[in-house]
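# Residue-level structure breakdown
Here is what each chain is made of, one letter per residue.
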Amino acid sequence: MSFEYLADPESGPRWKGILPGAPEAFFLRRGEGERALLFTDLFTVLLSGDETEGQFGIFTMDAPKGRLIPAHTHHDTHETFYVVEGKVRVHVQDRDGTKTSRLLTPGDFGFVPAGLAHAYQVEERARVLGVATGGFERFFQQMGTPTDHATLDQPPFVPDFPRMQAAARAHTMDFLPDLAWPEAGE
């Protein structure tokens, strides 16, 4: 892992600039993209809102089995879950207040529109392809920490509360700590 950008944050990680930052054709090889570690999960941005004129971003999440990601809502971000490997349980509270959950396994897809409270839990080490409203893919980089390391074999990064709040504000989302999911496991 490269840490030279910690001494000079403006230089950024080695992957800085790998995406063109404008609507231009480009290609990535397996394992390439802009990576950030958030808790124990590795997020890789493959396409950002910069390349799609704000329409959408595409990212992957590689995550070990873990605890429930707390309930939250995105005010203006639609989010998808396409499970490539592993098992992920997605919890959603519909507009009428009904809470449901669905266990997604390889090949399964889930969609959570903007404004719905939701949470998820990786029940078996997973790789997920996500698509979200353009710009949201930067949330993982803002709340997490950039990394040049392309695997989960690295120490977790636990953001402090002010960093979490700043990332949530920047991406118009709210954490809902009092919202519980009856079937959620710890």
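Remember, it's a predicted structure, so these values are computed and weren't measured experimentally.

## With respect to the overall build of the chain
Within the chain, the secondary structure is distributed over 3 helices and 10 strands. Going residue by residue from the N terminus, the α and β elements of the chain occur as α-β-β-β-β-β-β-β-β-α-β-α-β. Taken over C-alpha atoms, the radius of gyration comes to 16 Å for the chain, in line with the 16 Å a tight globule of 186 residues would show. Here the chain displays about 9,900 Å² of accessible surface, and carbon together with sulfur accounts for 54% of that area. One finds the centroid of the 17 positive side-chain charges in the chain at a distance of 5 Å from the centroid of its 27 negative side-chain charges.

## Quick look at the nonpolar core
With 26 residues, the main nonpolar core has Val88, Val90 and Phe139 as its most contacted residues. Elements that contribute at least two residues to this core include exactly strand 3 (56-63), strand 5 (79-93), strand 8 (117-133), helix 2 (138-143) and helix 3 (161-170). When neighbours within four sequence positions are excluded, Val88 is seen to be in contact with Val83, Arg102, Leu103, Leu104, Tyr120, Gln121, Val122, Glu123, Ala126 and Val128. Among the nonpolar cores identified, the runner-up in size contains 6 residues, and Leu68, Ala71, Ala117 and Ala119 belong to it.

## What about the environment of Lys16?
The residue Lys16 is located in the loop between helix 1 (4-7) and strand 1 (34-38) in this model. A C-alpha to C-alpha distance of 28 Å links Lys16 and Asp174, two positions 158 residues apart in sequence.

## With respect to the confidence of the model for the chain
Confidence along the chain averages 90 in pLDDT terms, with 91% of residues attaining 70 or more. Low confidence marks residues 1-7, where pLDDT is under 50. Its contacts with residues over four positions away, or in another chain, come to 14 contacts.

## Comments concerning the pattern of salt bridges
Tallying each qualifying case throughout the model produces 4 salt bridges. Of the charged contacts, one joins Glu34 and Arg138 as a salt bridge, the two residues approaching to 2.3 Å between their closest N and O atoms. Residue Glu34 is located in strand 1, and its partner Arg138 is located in helix 2; the two are separated by 104 residues in the primary sequence. A relative accessible area of 6% places Glu34 in the buried class. On the basis of relative accessibility, which here comes to 22%, the residue Arg138 falls in the partly exposed class. Measuring nitrogen to oxygen at the nearest pair gives 3.4 Å for the salt bridge that ties Arg138 to Asp50. Of this pair, Arg138 sits in helix 2 while Asp50 sits in the loop between strand 2 (41-47) and strand 3; the two residues are 88 residues apart in sequence, bridging distant segments of the chain. Among the residues examined, Asp50 registers a relative accessible area of 42% and is labelled partly exposed. Within this structure, Glu34, Asp50 and Arg138 form a network of salt bridges that share partners.

## As for helix 3
Buried residues of helix 3: Met164, Ala167 and Ala168, and no others. Buried residues in helix 3, looked at end-on, bunch into an arc of 100 degrees, giving them a common side. Opposite its buried face, helix 3 presents the exposed residues Pro162 and Arg169, each directed more than 90 degrees away. Packed against the buried residues of helix 3 are helix 2 and strand 10 (173-175). Positive backbone phi, at 40 degrees, marks Thr172, one or two positions downstream of helix 3.

Rules used in this analysis
Residues numbered from 1 in each chain as written. Predicted model: local features only at pLDDT ≥ 70, side-chain atom pairs only at ≥ 80, totals over all residues. Heavy atoms only, no water. Helix = DSSP H or I, 4+ residues; strand = E, 2+ residues; numbered from the N terminus. Rg over C-alpha atoms; globule rule 2.2 N^0.38 Å. Areas by Shrake-Rupley, 256 points an atom, 1.4 Å probe, with all protein chains shown as cover. Lys, Arg positive; Asp, Glu negative; His and termini not counted. Charge placed at Lys NZ, Arg CZ, Asp CG, Glu CD. Core = buried A, V, L, I, M, F, W, Y, C linked by side-chain atoms within 4.5 Å. Buried < 20%, exposed > 50% of the residue type's maximum accessible area, 1.4 Å probe, protein only. Contact = heavy atoms within 4.5 Å. pLDDT = per-residue confidence, 0-100. Salt bridge = Lys/Arg side-chain N within 4 Å of Asp/Glu carboxyl O. Arc of directions from axis to C-beta.

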